[in-house]
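# Structural features, examined
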Amino acid sequence: MVSQNFRDYLMPDDSPRIAAARGVDVYTYGERMLATEKARNLMAHWQGLLNETFRGITADGRVRPDLFELRDEGFAAQGAVAAAEALLATLNDSQRTRILHPIDAREWRAWYNPEIPFNDFGVRLEFTSRRTQEAFWGLLQSCTSARGFEKVRQLMDANHFLGELYDLNNIMNRWSFHFMIFGEPSASRPWGWSIYGHHVAFCCFILGRQLVIAPTFMGVEPNVIDRGDGSDCTLFTEEERLGLALMQSLSRDQQERATVYRLMEDPAMPPDRFNFADQRHLGGAFQDNRIIPLEGICAAEFNAGQRRKLLAAMETFLDFLPDGPRAARLALINTYLDETWWSWIGGCRDDDVFYYRIQSPVVMLEFDHHSGMWLTNQEPARFHIHTITRIPNGNDYGKALLSRYRG
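Residues numbered from 1 in each chain as written. Predicted model: local features only at pLDDT ≥ 70, side-chain atom pairs only at ≥ 80, totals over all residues. Heavy atoms only, no water.

### Quick notes on the overall build of the protein chain
Quick reminder of the rule: Under the scheme used here, helices are H or I runs from DSSP no shorter than 4 residues and strands are E runs no shorter than 2 residues, and both carry numbers assigned from the N terminus. When we talk radius of gyration, it's over C-alpha atoms, and the globule rule is simply 2.2 Å times the number of residues to the 0.38. Throughout this description, buried means an accessible area under 20% of the type-specific maximum (1.4 Å probe, protein chains only), exposed means over 50%, and partly exposed covers the range between. Contacts are assigned to residue pairs that have any heavy atoms within 4.5 Å of one another. Surface accessibility follows the Shrake-Rupley procedure with a 1.4 Å probe radius. Residue values consider only the protein chains on display as shielding.
Within the protein chain, the secondary structure is distributed over 12 helices and 14 strands. Here the protein chain has a C-alpha radius of gyration of 20 Å; the compact-globule value for 407 residues is 22 Å, and the two agree. Counting only C-alpha atoms and orienting by the principal axes, one finds that the protein chain spans roughly 60 × 60 × 45 Å. Every one of the 407 residues in the protein chain was classed for burial, and the buried ones make up 59%. Long-range contacts, defined here as pairs at least 24 residues apart, represent 71% of the contacts in the protein chain between residues at least 6 apart. Of the roughly 16100 Å² that the protein chain leaves accessible, carbon and sulfur atoms contribute 50%.

### Observations regarding the packing of aromatic side chains
Which entries qualify depends on this criterion: In this scheme Phe, Tyr and Trp rings, the latter by its six-membered ring, pair at centre separations within 6.5 Å, and the angle between planes marks the pair as stacked below 30 degrees, edge-to-face above 60, and tilted otherwise. By definition, being over a ring means that NZ of Lys or CZ of Arg is both within 6 Å of the ring centre and within 35 degrees of the ring normal.
The full count for this structure, using the stated rule, is 29 aromatic pairs. Centroid distance Y166 to W374: 6.0 Å. Interplanar angle 40°. Geometry classified as tilted. Remark: W374 occurs in the loop between β13 (363-369) and β14 (385-390) and Y166 occurs in helix α7 (residues 146-166); sequence separation between them is 208 residues. Exposure remark for W374: the relative accessible area of 0% places this residue in the buried category. Residues W344 and Y356 carry aromatic rings whose centres are separated by 6.0 Å and whose planes lie at 5° to one another, so their mutual orientation is stacked. Here W344, found in strand β11 (residues 341-346), pairs with Y356, found in strand β12 (residues 354-360); they are 12 residues apart in sequence, far enough to count as distant. The pair formed by W344 and Y356 is uniform in burial state, with each residue classed as buried. Aromatic rings pair up to connect F136, W137, F149, W175, F179, W193, F202 and F320 into one cluster. Directly above the aromatic system of F276 lies the positively charged group of K38, at a separation of 4.6 Å from the ring centroid. Over the face of the ring belonging to F54 we find K399, whose NZ or CZ atom lies 5.4 Å from the ring centre.

### Here's the deal with the packing of helix α8 (residues 237-249) against helix α10 (residues 304-317)
What counts, and what does not: Orientation is described by lines fitted to C-alpha atoms, with helices fitted over the stretch in contact, and by angles between N-to-C directions that extend from 0 to 180 degrees. The labels follow the angle: roughly parallel below 35 degrees, roughly antiparallel above 145, roughly perpendicular from 65 to 115, and oblique for the rest. The hand of a helix crossing depends on one turn: near helix anticlockwise from the far one by less than a right angle means left-handed, and clockwise means right-handed.
Here α8 crosses α10 at 160°, and the two axes come no closer than 9 Å. Judged on the interaxial angle alone, α10 and α8 are roughly antiparallel. As for how α8 packs across α10, the hand of that crossing is left-handed. Contacts from E238, E239, L242, A245, L246 and S249 in α8 reach Q306, K309, L310, A312, A313, T316 and F317 in α10.

### Concerning the nonpolar core
Burial of nonpolar side chains together is a common tendency in soluble globular proteins. As a reminder of what qualifies: The definition of a nonpolar core used throughout is a set of buried Ala, Val, Leu, Ile, Met, Phe, Trp, Tyr and Cys residues joined through side-chain atoms within 4.5 Å.
Ranked by size, the top nonpolar core spans 128 residues in total, and within it F136, W193 and W342 carry the most contacts. Discounting residues that sit within four places of it in the chain, F136 has contacts with L87, L125, M156, W175, F179, W193 and I195. Membership of the second largest hydrophobic core comes to nine residues, among which are Y261, I292, Y355 and M364.

### Re helix α12 (residues 399-406)
K399, A400, L401 and L402 are the residues of α12 that are buried. Buried residues belonging to α12 abut β5 (200-207) and β6 (210-220). Looking one or two places after α12, you find G407, whose phi comes out positive at around 75°.

### Observations concerning the side chain of Q95
Note on placement: Q95 falls in helix α5 (residues 93-99). Judged by relative accessible area, Q95 falls into the buried class, the value being 15%. Residues within four places of Q95 in sequence aside, it is in contact with V123, F127 and T128.

### Topic: helix α4 (residues 77-88)
Quick note on the threshold: Given the number of residues in a helix, its expected span is that number minus one, multiplied by 1.5 Å.
If you check α4, its first and last C-alpha atoms are 17 Å apart, about what 12 residues at 1.5 Å a residue would give, namely 16 Å. The elements touched by buried residues of α4 are α5, β1 (100-101), α6 (130-142), β3 (177-182), β4 (191-197) and β5.

### Brief notes about the packing of α6 against α7
Formally: Following the grouping adopted for this structure description, the nonpolar residues are Ala, Val, Leu, Ile, Met, Phe, Trp, Tyr, Cys and Pro, the charged ones are Asp, Glu, Lys and Arg, and the polar ones are all others, Gly among them.
In contact at an axis separation of 9 Å, α6 and α7 are set at 140° when each is read in the N-to-C sense. Taken as axis vectors, α6 and α7 run oblique relative to one another. Residues F136, W137, L140 and Q141 of α6 lie in contact with α7, whose contacting residues are F149, V152, R153 and M156. Residues of the contact of α6 with α7, tallied by class, amount to six nonpolar, one polar and one charged.

### Some words on the environment of S188
Tracing the chain through its elements places S188 in the loop between β3 and β4. In this structure, the C-alpha to C-alpha distance between S188 and G208, residues 20 residues apart in sequence, is 4.3 Å. When neighbours within four sequence positions are excluded, S188 is seen to be in contact with L207, G208 and Y405.

### Thoughts on the pairing of β13
Counted only if it meets this: Pairing between two strands requires that DSSP report at least two bridges joining them.
Among the seven residues in β13, seven count as buried, and that is most of the element. Alternating positions in β13 separate into two faces, V363, L365, F367 and H369 on one and M364, E366 and D368 on the other, with burial throughout. Direction of pairing for β13 relative to β14: antiparallel, over a ladder of six bridges. Residue F367 lies in a different strand from β14, and its bridge partner there is T387.

Written as C-alpha cells, this is what we have:
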C-alpha cells in the first residue's frame, strides 16, 4: 500500500534524475533529458500533433456546430487591457517581440506540462525583471476570481517547493513558466495570453466582456506544501472530495457502469489509453483534436441529489473564472446536463486512488491520481494530482468565438 506521506518517496540525493539537473541551467538540463529516446519520441509525437489544423476535441470526430455564442458575460475587459499594457511596458524590445503573437498563432497550442523545456516560445518569466513578474500578478488577477488567483499562485509556488526539496530551483521555481500574449490587448477586439510549464498551463482568450479560459492544466507533486509558514496548503482537496462523493452516491449498478476500468493501470486498457506522460488523461498537452468517445454513465439518469453533486464538482473545477464568465459557463453546462457523461477508473472507497472524467458537448474535466515523476511511488498516490479543463467542439483557446467574431 502506498504511504500517504510524500516524504517517504523522496528521491535519494545521488539519483541520476537529480544529478542531471543540479547546478546547470534549464536549457542544459533540457538537452540532457531530451537526449533520451523516450523524451525524443514524445517530442516528435507532440510536434506532429501541433502541426495538425485545429478542429477541437470531439466525441466522434465531428465538430458539433452552434454551441458557442458571442455575448456579454460581464467581464471587466478594460482592467485586463490595462494590466496587459502595464506588463508590456516593463519589457525590453527583444522580450516584447518574443511575447507578442498573432491572435490565431499556433503557439497558443504549444503548451506542455513537464519541467523539461520542450519548446522556447515566448519568454520564461524567471528571466524577466521583478517589475515584469509583479505585472504578471496584476494581469492574472484581472482575469480570475479571488480563488483562481490564489490557486494559480499556489501552483506556481508548489513548483518552487518541489525545487526546494531537491535544491533544484534552477530548474523548478515559481517563475519557470513560458508567457505569451496573442493579438493586441483591446476592450473590443479579440486577444489573449497564456502561461505554461511544469504543472501549470493557463490559456486565456478575451473578446470584449467575454472570457474563455481553456485549456487549463493544473497539477501538483506533492499536493502538500509544508514549509511550516504562511505558505502551507493542501491543493485539489475539493476536486478529490466532490468527485468521490458523487461516485459514492451512485447505486451499485450505476457505479459498475460508470467504472470503465477497475485498475489504474488495467491490463484491459488498449495501447493508447495509458501513457507515461499523461497516464490516464485524454485531454493533455497537444491533444487538441483528439476523439474522446463518451464513456461511463449519462447524467440524464441521475437523481436530483446526484445532479447537485455533479454540478458542485464542475463548479469547483471552474472556480478560477470571475463571477460573470463563471455564471455564463455554468449556465451553458447546465443546458447540456442531460448530455453529460461521468466515467471512473479505480476504486471508490474512502482511501482509494482514482481517475474521473466529466464530458459533455461544452465541457470536459479530468482528475487523476498519478504515480511518481519526482517522487518514487510506482503506484498512483493522492499526493500527486493532475487536473485538466477543456471546451470540446472547437472552443478551446476561444477559437469558436473567434470564428464567430470574424463571421
